[in-house]
Structures are given as C-alpha cells and as structure tokens.
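# Descriptive structure summary
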Amino acid sequence: MAIHVLEEYLSVEEYAKLCGKTRRAIMDRIKAKALRAIKVDGYLAINKTSNPPRSYIHASKKPVGGGVHISHKELSCVTTWCRGKGIRSYPYLRAIIIGKLDGWVIGDEVFAKSMELDAFRKRKS
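The following paragraphs examine the structure supplied in this document. These numbers come from a predicted model, not from an experiment. (Residues numbered from 1 in each chain as written. Predicted model: local features only at pLDDT ≥ 70, side-chain atom pairs only at ≥ 80, totals over all residues. Heavy atoms only, no water.)

## What about helix 5 (residues 114-124)?
Within the sequence span of helix 5, burial applies to Glu116, Leu117 and Phe120. Buried residues in helix 5, looked at end-on, bunch into an arc of 100°, giving them a common side. Looking at helix 5, the residues exposed on the side facing more than 90 degrees away from the buried face are Met115 and Lys122. Next to the buried residues of helix 5 lie strand 6 (75-77), helix 3 (78-85), helix 4 (90-98) and strand 8 (109-113). (Buried < 20%, exposed > 50% of the residue type's maximum accessible area, 1.4 Å probe, protein only. Helix = DSSP H or I, 4+ residues; strand = E, 2+ residues; numbered from the N terminus. Arc of directions from axis to C-beta. Contact = heavy atoms within 4.5 Å.)

## Some thoughts on a positive patch on the surface
Together, Lys85, Arg88, Arg94, Arg121 and Lys124 make up a positively charged patch on the protein surface. Tracing the backbone through its elements, the reader meets Lys124 in helix 5. (Patch = residues over 30% accessible without salt bridge, like charges linked within 9 Å, V, L, I, M, F, W, Y side chains within 5 Å. Areas by Shrake-Rupley, 256 points an atom, 1.4 Å probe, with all protein chains shown as cover. Salt bridge = Lys/Arg side-chain N within 4 Å of Asp/Glu carboxyl O. Lys, Arg positive; Asp, Glu negative; His and termini not counted. Charge placed at Lys NZ, Arg CZ, Asp CG, Glu CD.)

## Observations regarding the sheet that holds strand 5 (residues 67-70)
Strand order in the open sheet made by the four strands is 2-4-3-5, with mixed pairing throughout. Each end of this open sheet is capped by a strand with a single partner; those strands are strand 2 (9-11) and strand 5. Shown here is a sheet whose adjacent strand axes are inclined to one another by a mean of 40°, direction ignored. Relative to strand 4 (residues 43-47), strand 3 (residues 36-40) runs antiparallel, the two sharing four bridges. By the bridge assignment for strand 4, Ile38 is matched with Ala45. Strands in contact with helix 1 (residues 12-19) are strand 2 and strand 4; relative to strand 2, the strand with the most contacts, it is inclined by about 90°. Helix 2 (residues 23-31) contacts strand 3, strand 4 and strand 5 of the sheet and is inclined by roughly 80° relative to strand 4. (Pairing = 2+ DSSP bridges. Axes fitted to C-alpha atoms, helices over the stretch in contact; angles between N-to-C directions.)

## Some thoughts on the sheet that holds strand 1 (residues 3-6)
With mixed pairing, the four strands of this open sheet are ordered in space as 1-7-8-6. Single-partner strands in this sheet number two, and they are strand 1 and strand 6. The mean inter-strand angle of the sheet, taken between neighbouring strand axes irrespective of direction, is 30°. Pairing geometry for strand 6 and strand 8, over three bridges, is antiparallel. Paired with Cys77 across the two strands is Phe111, which belongs to strand 8. In this fold helix 5 packs onto strand 6 and strand 8, with an angle of close to 80° to the strand it touches most, strand 8.

Next comes the structure, spelled out in structure tokens:
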C-alpha cells in the first residue's frame, strides 16, 4: 500500500491564488471551457502542467475540450466519506499514512477507494 501524491494538480483556490484571481473567476473559466479540470468525488482539481496559471486568457487562446472531466469514480474523499458515516476520519487517515490503505493526494484532499474504506471499517469494528 502506498500514498500517491499527484503534485501537478491544484485545488481551485490554490490555482486562483497563483493567477491572482478569485475562486469564482476560475470557476467561470472552467464553465467557459477555457480550463480543464477533473472532478473526483465532487472535488475539483486543475492540472498546472497542462493549464499554466495565467491572470489573463485571451479568447483566441482558449484550449479546445476544456471544462470538467469526472474521473476516478472509485475514489472517495476520506474526510467527506467519514463525515457522511458519522465517524472520525483520523483512524482512516492514519491507516493511509502507515500503509494499511492506498491513498491519493489530489490538491488539498486525501482520497481512498470506497471499497477499501468500507472493508477497513468492517475489520476495525
């Protein structure tokens, strides 16, 4: 088991700070398909390699095929998943850190496979 850190992905808030814009402005760019973003369990992340942070995007420079792409349907945000179950997230985050569960860090959040979280919950209780 390992922790996979996807360093090239930033949260919308981090990306907005790098561009010197507001979060709403970045969301508008995604909606207008001027930026590409991925959505994992409701969390938006922007690849800073394919979408370098710029304060101004000229209309003629808009990349084709932008917008939101839903990926990694098997992943769940650990803290959100635990909050939905009414349990503490610390044991699950600790299990990811010590290697009992696989974890992915995308932007500011930690994700794990939903099935593994359920199995770990059943083993723990």
